[in-house]
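Architecture and fold: a report
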Amino acid sequence: MTQKDLIIVANKFSEFAAHCGAVTPDQVIALIDLPKSMLPQRLVLHRGQGVADSEIDAILSRIRDSDPEGDMWDTTPLTLNAKRAGGHHSHKRHDHNTLITEPHQTGADSYRMHLLVDEGCELMGDHQTGQHIQGMVLIEAARQAFLVVTEQFFLSDRNQKSYFVINSVGTKFENFVFPVSAHLDYRVISKDINERRQKFEVEVDVVQSGMRCMTSSFSFTVYPASLIAQKERALAESAVAGIFKTAVPISPAAQVV
């Protein structure tokens, strides 16, 4: 029997699906509910971007019920590279706001993780243009990459809460990233680690179909939370005091609505 590959993308990428032959979760469910005799060939499912974990679980459950022998559906690729990084590492309370998978080490100072966007994430709630993933989503994925890698590989043996301070960030876009498989390559350019703090300069590339689509550079420092909390509190108090010293009164004309 011949087989056909299908990429599942979120409903927000329906324009991409219509042009590129991908399918949305609702369309997959409709196909699963068809009699097997109406499927002309075996279908192999791949996970694209924007699909929620709960939607993947629902599809897998539906296929197990309708095709327990796996005659018409191959879901093996659907779950590859699908373990989302934990919120304790990405600093997110809700799983759908974590945009990357758990990283694995590829070299002495290099790591790789896969892009795993959920359309319900905080950055996709009110903006979608065209068929590509918005740039701010990718920048946030790169930011999460340095949090996750640092937490997992550099702070795992420290029994204390850490505080990350970004010193600088730069991003260059080279190509659109579309809602299909993509990964992030992470490189530590320099590190300066002592008992008081850890300083890093890193680069993160977003790669799709063998092409680098975006590259970001970050300089950041990690402190024990107990060390930075007092300093931050003092700076916050100073900022509030400064507001009342420098505030410019609103003129009567400006107050007219």
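Here's what I pulled together on the structure shown here. These numbers come from a predicted model, not from an experiment.

Considering the nonpolar core
Counting 43 residues, the largest nonpolar core has Leu115, Leu184, Tyr186 and Phe220 as its most contacted members. Breaking this core down by element, the ones donating at least two residues are α1 (14-20), β5 (110-114), α5 (135-153), β7 (183-193), β8 (198-208) and β9 (211-224). Ranked by residues supplied to this core, first place goes to α5 with nine residues. Within the second largest apolar cluster, 17 residues are counted, among which are Leu6, Leu43, Leu45 and Val51.

Remarks on the sheet that holds strand β4 (residues 104-107)
Read from one edge of the open sheet, six strands run β4-β5-β7-β8-β9-β6, paired in antiparallel fashion. Two strands lie at the open edges of the sheet, namely β4 and β6 (162-173), each paired on one side alone. Shown here is a sheet whose adjacent strand axes are inclined to one another by a mean of 25°, direction ignored. Of the pairings in the sheet, the one linking β4 to β5 comprises three bridges and is antiparallel in character. Looking at the pairing, His104 lines up with Arg112 of β5.

Examining the pattern of salt bridges
Taken as a whole and judged by the stated rule, the model has 15 salt bridges. Residue Arg47 pairs with Asp53 through a salt bridge whose shortest N-O separation is 2.7 Å. Take Arg47: its relative accessible area is 13%, and that puts it in the buried class. Accessibility expressed as a relative area gives 29% for Asp53, which makes it partly exposed.

Description of the sheet that holds strand β3 (residues 73-74)
Judged by pairing direction, the sheet is parallel, and its three strands sit side by side in the order β1-β2-β3 without closing on themselves. Looking along the sheet, the strands with just one partner apiece sit at the ends: β1 (3-8) and β3. Here helix α3 (residues 53-66) sits on the sheet and contacts β1, β2 (42-47) and β3; the angle it forms with β2, its principal contact strand, is near 160°.

So, the packing of aromatic side chains
Scanning the entire structure with this criterion turns up ten aromatic pairs. Geometrically, the ring pair formed by Tyr111 and Phe153 is tilted, given 4.6 Å between the ring centres and 45° between the ring planes. Taken as a pair, Tyr111 in strand β5 and Phe153 in helix α5 lie far apart in primary sequence, 42 residues in all. The exposure class of Tyr111 is buried, given its relative accessible area of 3%. Residue class for Phe153 comes out partly exposed when judged on its relative accessible area of 28%. Ring centres of Phe154 and Phe200 lie 5.0 Å apart, and the angle between their planes is 70°; this geometry places the pair in the edge-to-face category. Here the residue Phe154 occupies a position in the loop between α5 and β6, and Phe200 occupies one in strand β8, the gap between them amounting to 46 residues. One aromatic cluster in this structure is built from Phe146, Phe154, Phe164, Phe200, Phe218 and Phe220.

How each quantity is defined
Residue positions are counted from 1 within each chain, in the order its sequence is given. Two thresholds apply to this predicted model, a pLDDT of at least 70 for residue-level local features and 80 or more for giving and counting side-chain atom pairs, whereas whole-chain, interface and lining totals are computed over all residues. No hydrogens and no water enter the side-chain calculation; it runs on all heavy atoms of the structure. Residue types Ala, Val, Leu, Ile, Met, Phe, Trp, Tyr and Cys, when buried and joined through side-chain atoms within 4.5 Å, form a set referred to as a nonpolar core. Per-residue accessibility, obtained with a 1.4 Å probe over protein chains only, is compared with the maximum for each type, and a residue is labelled buried under 20%, exposed over 50%, and partly exposed between these values. Every helix listed is a DSSP run of H or I at least four residues long, and every strand listed is a run of E at least two residues long, numbered separately from the N terminus. Think of it this way: DSSP has to see at least two bridges between two strands before they count as a pair. In this analysis, axes come from line fits to C-alpha atoms, helices being fitted only over the stretch in contact, and the angle between any two N-to-C directions falls in the range 0 to 180 degrees. Here, a salt bridge means any Lys or Arg side-chain nitrogen found within 4 Å of an Asp or Glu carboxyl oxygen. Residues are treated as being in contact if the distance between any of their heavy atoms lies within 4.5 Å. Each pair of aromatic rings taken from Phe, Tyr and Trp, with Trp reduced to its six-membered ring, is defined by centres within 6.5 Å and is described as stacked if the planes are under 30 degrees apart, edge-to-face if over 60, and tilted in the remaining cases.

Function cannot be inferred from these measures alone, as they are strictly geometric.
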